[in-house]
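Each chain, written out:
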Amino acid sequence: MSDNTFRSTGTSDLHVSNLFGLQGKVAVVTGGSRGIGFMIAAGLVSNGVKVYITARKAAACDAAAAELSELGECISIPADISTQEGIDSFVAAVTAQESQIDLLVNNAGAAWGAPLGEFPEEGFDKVMNVNVRAPFMLTQALLPQLEAGATADDPGRVIMIGSIDGIRVPIGDNYSYSAAKAGIHMLARHLGAHIVGRNITVNSIAPGPFESKMMAYMLADPDSKKMVEGANPRGRVGTAEDIAGTVIFLASRAGAYTSGATIPVDGGISTLA
């Protein structure tokens, strides 16, 4: 690009409010009642996004939405998206209110650990179903709404929440979880390649340790938490700013040219041998 071409575009579009502003957009965040999903929803609501959250437990989902509504606009639609019936009911409820969705964050997930030789079929099937099948089916169902307002400069966005356990070999015995998260990273690339021409981008984020139900057993104990932090090159666990900031980047004008990427948000753990 020549200097003249650059100057002809002007520089006002490079202001941070234009690059990262999300005011007026509509988002769906699954698993938004707690943990990383709640952090993401809070970041979006705080920046003017109308956010629909879903979770299997209605009371928890409603309570989270009430808390988030103190920051902006958040609507609770409880649903069990591990079932097709749950997906169908959730999609029907959202699309009855919104003809256009700008951002879908597939965050809801499940984990299971058991020693090799004792790992149950139930544990494998549940994790693969919640972590891979459900995000695919929900994304597929919401494609018309994601495409409705999408343009070349401002595409619809899908963000899959994966894990560093889908990048590196985990220490523990969560075999189905690591396989599912590696699968969701590839699913984002595969979907992204197929629908980028419809002005919809698909990316994944691979978080490291954050305050969440899955990490509670480690972070609740001071000694275990110290061990987790000590194993992290950044010397700490992730915060709401870390995960929400990455989502805001991918959802904003700044991220409109990124598709099919997996972004580790892990303090550098994924770089370790």
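The shown structure was predicted, so the numbers you read here are calculated from the model rather than taken from an experiment.

Colleague: Where do I start with the sheet that holds strand E1 (residues 26-30) in this structure?
Modeller: Within a sheet, adjacent strands bond to each other through the backbone by hydrogen bonds, running parallel or antiparallel. Spatially, E3-E2-E1-E4-E5-E6-E7 is the arrangement adopted by the seven strands of the open sheet, whose pairing is parallel. Both outer strands of the open sheet, strand E3 (74-76) and strand E7 (262-265), are each paired with one neighbouring strand and no more. If you compare each strand with its neighbour and ignore which way they point, the axes differ by 20 degrees on average. Note: strand E5 (residues 156-161) against strand E6 (residues 200-207), six bridges, orientation parallel. In the strand pairing of E6, Met-160 is matched with Ser-204. Together, E1, strand E4 (103-106), E5 and E6 form the strand contacts of helix H6 (residues 121-148), whose direction differs from that of E4 by roughly 175 degrees. In this fold helix H10 (residues 240-251) packs onto E4, E5, E6 and E7, with an angle of close to 165 degrees to the strand it touches most, E6.

Colleague: Sorry, what's going on with the state of the cysteines here?
Modeller: Should the sulfur atoms of two cysteines be covalently bonded, the bond is a disulfide. Taken as a whole and assessed by the stated rule, the structure comprises zero disulfides. Counting only cysteine sulfurs, Cys-74 is the nearest neighbor of Cys-61, a cysteine outside any disulfide, at a range of 7.6 Å. According to the relative accessible area criterion, Cys-74 is buried, its value standing at 9%.

Colleague: Would you explain the nonpolar core in this entry?
Modeller: Side chains of nonpolar character tend, in soluble globular proteins, to be buried together. Ile-40, Leu-44, Val-51 and Ile-53 are the most contacted members of the largest nonpolar core, which totals 32 residues. Every element with two or more residues in this core is listed here: E1, helix H3 (35-45), strand E2 (50-54), helix H4 (58-68), E4, E5 and H10. Among the elements that make up this core, the one with the highest residue count is H3 (eight residues). Within the second largest apolar cluster, 26 residues are counted, among which are Ile-77, Ile-87, Phe-90 and Ala-188.

Colleague: When you look at the environment of Ala-59 in this model, what are you seeing that I'm missing?
Modeller: By the element assignment, Ala-59 lies in helix H4. Residues Ala-59 and Ser-76, 17 residues apart in the sequence, show an inter-C-alpha distance of 9.7 Å.

Colleague: Is there a simple way to think about the packing of H3 against H4 in this case?
Modeller: Geometry of a packed helix pair, given as the angle between the helix axes and the separation of the axes. The N-to-C vectors of H3 and H4 enclose an angle of 30 degrees; their axes lie 10 Å apart at closest approach. Handedness of the crossing formed by H3 with H4: right-handed. Only Ala-64, Glu-67 and Leu-68 of H4 make contact with H3, whose side of the interface consists of Phe-38, Ala-41, Ala-42 and Val-45. For the contact of H3 with H4, the per-class residue count stands at six nonpolar, no polar and one charged.

Colleague: How should I be thinking about unusual backbone geometry in this particular structure?
Modeller: With glycine set apart, most residues show a phi of negative sign, and most peptide bonds adopt trans. Even without being a glycine, Asn-199 presents a positive backbone phi close to 60 degrees. Structurally, Asn-199 is set in the loop between helix H7 (175-195) and E6.

Colleague: Help me understand empty space enclosed by the protein in this model?
Modeller: To find the voids left in a structure, one rolls a probe of water-molecule size over its atoms. According to the stated counting rule, one finds one cavity of 30 Å³ or more in the structure shown. Here the largest cavity is characterised by a volume of approximately 50 Å³. Forming the boundary of the largest cavity are 13 residues, of which Ile-101, Asp-102, Asp-154, Pro-155 and Gly-156 lie nearest the centre. Those elements that provide at least two residues to the lining of the largest cavity are H6 and E5. A per-class count over the lining of the largest cavity returns five nonpolar, four polar and four charged.

Colleague: What's the story with the pairing of E2 in this structure? I'm lost.
Modeller: Taken residue by residue, a regular strand's side chains alternate between the two faces of the sheet. Extensive coverage of E2 is indicated by the burial of four of its five residues. Remark: the E1/H3/E2 crossover connection has right-handed handedness. Bridging between E2 and E3 involves three bridges; their strand directions are parallel. If you follow Val-51 over to E3, its bridge partner there is Cys-74. Chirality of the crossover, the property in question, places the unit of E2, H4 and E3 among those that are right-handed.

Colleague: What should I look at first to understand a positive patch on the surface in this one?
Modeller: Side chains of Arg-34, Arg-56, Lys-57 and Lys-126 sit close together on the surface and give a patch of like positive charge. Tracing the backbone shows Arg-34 in the loop between E1 and H3. Look at Arg-34 and you get partly exposed, because its relative accessible area is 46%.

Colleague: Explanation requested: the packing of H3 against H10 in the structure shown.
Modeller: The geometry of H3 relative to H10 is characterised by a closest axis approach of 8 Å and an angle of 60 degrees between their N-to-C directions. Between H3 and H10, the angle falls in the class oblique. Handedness of the crossing formed by H3 with H10: right-handed. Only Ala-240, Ile-243, Ala-244, Val-247 and Ile-248 of H10 make contact with H3, whose side of the interface consists of Ile-36, Met-39, Ile-40, Gly-43 and Leu-44. Looking at the contact of H3 with H10, its residues break down into nine nonpolar, one polar and no charged.

Definitions and cut-offs
- Residues numbered from 1 in each chain as written.
- Predicted model: local features only at pLDDT ≥ 70, side-chain atom pairs only at ≥ 80, totals over all residues.
- Heavy atoms only, no water.
- Pairing = 2+ DSSP bridges.
- Helix = DSSP H or I, 4+ residues; strand = E, 2+ residues; numbered from the N terminus.
- Axes fitted to C-alpha atoms, helices over the stretch in contact; angles between N-to-C directions.
- Contact = heavy atoms within 4.5 Å.
- Disulfide = S-S within 2.5 Å.
- Buried < 20%, exposed > 50% of the residue type's maximum accessible area, 1.4 Å probe, protein only.
- Core = buried A, V, L, I, M, F, W, Y, C linked by side-chain atoms within 4.5 Å.
- Left-handed = near helix turned anticlockwise from the far one by under 90°.
- Nonpolar A, V, L, I, M, F, W, Y, C, P; charged D, E, K, R; others polar.
- 1 Å grid on protein atoms, 1.4 Å probe; cavity = no way out; pocket = protein on both sides within 12 Å on 5 of 7 lines; lining within 4 Å.
- Points joined across faces, edges and corners; volume = space filled by probe spheres on them.
- Right-handed = clockwise from strand over helix to strand, strands pointing away.
- Patch = residues over 30% accessible without salt bridge, like charges linked within 9 Å, V, L, I, M, F, W, Y side chains within 5 Å.
- Areas by Shrake-Rupley, 256 points an atom, 1.4 Å probe, with all protein chains shown as cover.
- Salt bridge = Lys/Arg side-chain N within 4 Å of Asp/Glu carboxyl O.
- Lys, Arg positive; Asp, Glu negative; His and termini not counted.
- Charge placed at Lys NZ, Arg CZ, Asp CG, Glu CD.
- Parallel < 35°, antiparallel > 145°, perpendicular 65-115°, else oblique.

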